[in-house]
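Listed below, chain by chain, are the residues.
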Amino acid sequence: VSTQSTGSSGINAEYGKQWYQRRVRDTGPNMILFLVLCLGTVSANVGTDKESLRLSIGQSGLDFASDVSAHMLSELEKFAAGGLNLPDIRGDVDITGLRLSGLHLEKPVLSVIPNTGLNVKTPGVELQVRGNWRYNGWIAVTGSLTLTSKLDLSVTAGAYADMVNKRFATVPKGCSVSYRSFSIDLNNAFYSWIVSFFEDTVKSEIKKSVCNEISGVLRTTLNGVIASIPHEIDIPNVMSVKFGPDANPAFSKNQIDLPAQVSAGGQSFPFQPTGISGAMLPGYMACILLSDYTLNTASFAALQAGKIVERLPNQWVTASNPLMNTAYYQTILPGLYSAHPDTAITYKVTNTRYPTIQFLHQNIMLHLPVNVVLEVAGSKAITASVTLGVSGVVKVNGGDITASVTNITHVSKLLDTKVGPISDLESLMDTIIENTVEPMVNNVLNKGFTLPIKDWVLLKKTSVTAQQDYLEVCGDVELTDKSLAEIKKIIAQLVG
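Residues numbered from 1 in each chain as written. Predicted model: local features only at pLDDT ≥ 70, side-chain atom pairs only at ≥ 80, totals over all residues. Heavy atoms only, no water.

1. Quick notes on the overall build of the chain
Part 1: Broken down by element type, the chain carries seven helices and 21 strands.
Part 2: Considering the chain as a whole, with its 496 residues, one finds that 48% of them fall into the buried category.
Part 3: When the accessible surface of the chain is summed, it comes to about 23000 Å², and 52% of that surface belongs to carbon and sulfur atoms. (Helix = DSSP H or I, 4+ residues; strand = E, 2+ residues; numbered from the N terminus. Buried < 20%, exposed > 50% of the residue type's maximum accessible area, 1.4 Å probe, protein only. Areas by Shrake-Rupley, 256 points an atom, 1.4 Å probe, with all protein chains shown as cover.)

Structure follows, in structure tokens:
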């Protein structure tokens, strides 16, 4: 039997929380949700044609980072005080044991230097340094000293794609120190004239030591912190997703773009990424651009034929549904009712290929080919292949994904029938899909999707836009207490 038909039906669904905690046993609806909504989880073309994920940070995002750092200054001051040693100075006056004993910082100002990197200006840094001195003149005199200064600090950090270690890395691009005030107290007014012998040398050494310390942080310490950040997300019982750079970060006016590649399950795939050619929407702190290739690799790795299996009746379509008894088909399929009068029906839905997702302008399409089997008394009565097309729109609220599915279409083909000919396959499949598959999808979507970043970041003022071959999620963020605590730990690593 070879009969084809097409049909469509519209549904609307809103969904919101915790789909990913279920096991592979329920992979069918869960992974459909993952594919449609992993949306919950960047100027000219920044990356290569292999770019499949991009993070863009705008000036308002840098301003937010500045605000966050302002709340961390007391921790930074506490950790840094006593942590900086200056080299000994030898000459007419030996200066030894110089150590930072006090530090006060003002809120930094962050900005982008095009084609170079991120510039951090910290005005009015107040330093206090203690140490010892020895005058090597006609008479040896020793004592202690206290140095106080107020200076302006400007640091530029660049970044590049470390393709060997598969991560982004930082590198110093510039450092300057200018003094607003500078004084040295030898703790003995009688010897104040000695200061003139070494004041300029101490100023120079402080500049050099501060910049050397920052350079070391950018070259080594910060990169160690970056290396310690997980570059792989594990989806329990399914696969792992790895992130790595695609090209060097792009520093343009008021914006930083980090182009990345995503690989799933360590496999090769029968399709290629097309790259991302979009740009960050203005007015937001940050945007994530996610290509449909990223989600399709996940689908290919986890959802080959037979991985999605759903049986009805189930929790969404119960045995009390009229469609679960042959009496419902008394008129539509008289052969079925004659062979099995008033008999319970079960349905089995199995995917015949991995699902694919496609982002289009203002629309998201999910293509899912399945076999639908109608069983009576333990035997197959009707078997049909159905290719489902699900389209919809997506929204983000805080750390949760919400959406509405706007339409479901299907193309059907009758594969086998044990109950005689079927004159109107289109109407039959419309009925089955509307009363079985649609409620299943609808109920699964209503369970929703909580972003794995919710414990760390809450999204505000979001915009979710489907573009050609990629999805753009832009928004402002608010850090959680957990994030702030982790930042404090990172500061401790940097200056500890």
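2. What about helix 3 (residues 199-228)?
Part 1: For helix 3, which comprises 30 residues, the first-to-last C-alpha distance of 42 Å matches the rise-based estimate of 44 Å (1.5 Å per residue) to within 8%.
Part 2: The principal kink in helix 3, of about 45 degrees, is found at V217.
Part 3: Looking at helix 3, one finds that the buried residues are V202, E205, I206, S209, V210, C211, I214, L218, N223, V225 and I226. (Expected span 1.5 Å × (residues − 1). Bend = angle between axes of the 7 residues up to and from the residue.)

3. A short note on the state of the cysteines
Part 1: Counting across every chain of the model gives two disulfides.
Part 2: Disulfide partner of C175: C211, at an S-S distance of 2.1 Å. Between C175 and C211 the sulfur-sulfur dihedral comes to about -80 degrees; the bridge is accordingly left-handed. Here C175, found in strand 7 (residues 167-185), pairs with C211, found in helix 3; they are 36 residues apart in sequence, far enough to count as distant.
Part 3: Sequence-ordered numbering of the disulfide-bonded cysteines in the chain gives the connectivity 1-2, 3-4. (Disulfide = S-S within 2.5 Å.)

4. So, the pattern of salt bridges
Part 1: All chains considered together, the criterion is met by ten salt bridges.
Part 2: Across the pair R90 and D88 runs a salt bridge whose closest N-O atoms are separated by 3.6 Å.
Part 3: A salt bridge links K208 to E205; the nearest nitrogen and oxygen atoms lie 3.7 Å apart. With a gap of three residues between them, K208 and E205 both fall in helix 3, about one helical turn apart.
Part 4: Owing to a relative accessible area of 44%, K208 belongs among the partly exposed residues under this scheme. (Salt bridge = Lys/Arg side-chain N within 4 Å of Asp/Glu carboxyl O.)

5. A closer look at unusual backbone geometry
Part 1: Look at the link from L312 to P313: it is a cis peptide, with omega at 15 degrees.
Part 2: Summarising the element assignment, P313 is placed in the loop between strand 13 (309-312) and helix 5 (334-339).
Part 3: The phi dihedral of K461 falls on the positive side, at around 45 degrees, and the residue is not glycine.
Part 4: Its location among the elements puts K461 in strand 20 (residues 457-467).

6. Remarks on the side chain of D162
Part 1: Note that D162 resides in strand 6 (residues 140-162).
Part 2: Salt bridges are absent for the buried D162, whose nearest opposite-charge side chain, R167, sits at 4.7 Å.
Part 3: Among all residues touching D162, those that are not within four sequence positions of it are R167, A169 and P245. (Lys, Arg positive; Asp, Glu negative; His and termini not counted. Contact = heavy atoms within 4.5 Å.)

7. A word on the pairing of strand 20
Part 1: Examined bridge by bridge, strand 20 and strand 21 (residues 470-479) share nine bridges and lie antiparallel to one another. Looking at the pairing, L459 lines up with V477 of strand 21.
Part 2: Here strand 20 hands over to strand 21 after two residues, with D469 in that stretch at a positive phi of 75 degrees. (Pairing = 2+ DSSP bridges.)

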